[in-house]
Amino acid sequence: MQFDKWFNKQSTLLKVILLILPVVGWIVECLVRLSIALEKQDVISIAVFVLFLLVGWGWFLGVLDLIYLIVKGHLFLAE
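Below is a summary of the structure that appears in this document. (Residues numbered from 1 in each chain as written. Predicted model: local features only at pLDDT ≥ 70, side-chain atom pairs only at ≥ 80, totals over all residues. Heavy atoms only, no water.)

**A word on the packing of aromatic side chains**
Logical step 1: All told, the structure shown has two aromatic pairs when counted by the stated rule.
Logical step 2: Relative to Trp6, the ring of Phe3 has its centre 5.3 Å away and its plane inclined at 40°; by these criteria the two rings are tilted. In this pair, Phe3 and Trp6 both sit in helix 1 (residues 3-9), three residues apart, roughly one turn of the helix.
Logical step 3: Of the residues examined, Trp6 reaches a relative accessible area of 41% and is grouped as partly exposed.
Logical step 4: Look at Tyr68 and Phe76: their rings are 5.3 Å apart centre to centre, the planes differ by 80°, and that puts the pair in the edge-to-face class.
Logical step 5: For Tyr68, a relative accessible area of 26% puts it in the partly exposed group.
Logical step 6: Since its relative accessible area comes to 31%, Phe76 is described here as partly exposed.
Logical step 7: We note Lys15 situated over the ring of Phe7; from NZ or CZ to the ring centre the distance is 5.9 Å.
Logical step 8: Between Arg33 and the ring centre of Phe52, over which it is positioned, the NZ or CZ distance is 4.8 Å. (Phe/Tyr/Trp six-rings, centres within 6.5 Å; stacked < 30°, edge-to-face > 60°. Helix = DSSP H or I, 4+ residues; strand = E, 2+ residues; numbered from the N terminus. Buried < 20%, exposed > 50% of the residue type's maximum accessible area, 1.4 Å probe, protein only. Lys NZ or Arg CZ within 6 Å of the ring centre and 35° of its normal.)

As structure tokens, then:
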């Protein structure tokens, strides 16, 4: 699964738009984190994916990812 690589190739504006949309943002973040967890297969990536799967639909983690994306260009703990 190469969704994280596709997502990181997009412009920052498109990434922000994808994350701002309520349901789409949660799905995109879950797909990016799943892609990274399957690729790396380490404890941190899997734990972050499970955490985001369970509570990522809340606004706090979404805002954290949005701010981190604007500053650094990728999602928090997703590089």
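**Some remarks on helix 3 (residues 22-40)**
Every α-helix carries 3.6 residues per turn, so stepping three or four residues along brings you back to the same face.
Logical step 1: For helix 3, with 19 residues, the first-to-last C-alpha span of 27 Å sits near the 27 Å given by 1.5 Å per residue.
Logical step 2: Among all positions in helix 3, only Gly25, Val28, Glu29, Cys30, Val32, Arg33, Ser35, Ile36 and Ala37 are buried.
Logical step 3: Those residues of helix 3 hidden inside the fold are in contact with helix 1, helix 2 (12-20), helix 4 (43-55) and helix 5 (59-72).
Logical step 4: Once helix 3 finishes, Gln41 follows within two positions and takes phi at roughly 55°, a positive value. (Expected span 1.5 Å × (residues − 1). Contact = heavy atoms within 4.5 Å.)

Nothing here speaks to function; it is all geometry.
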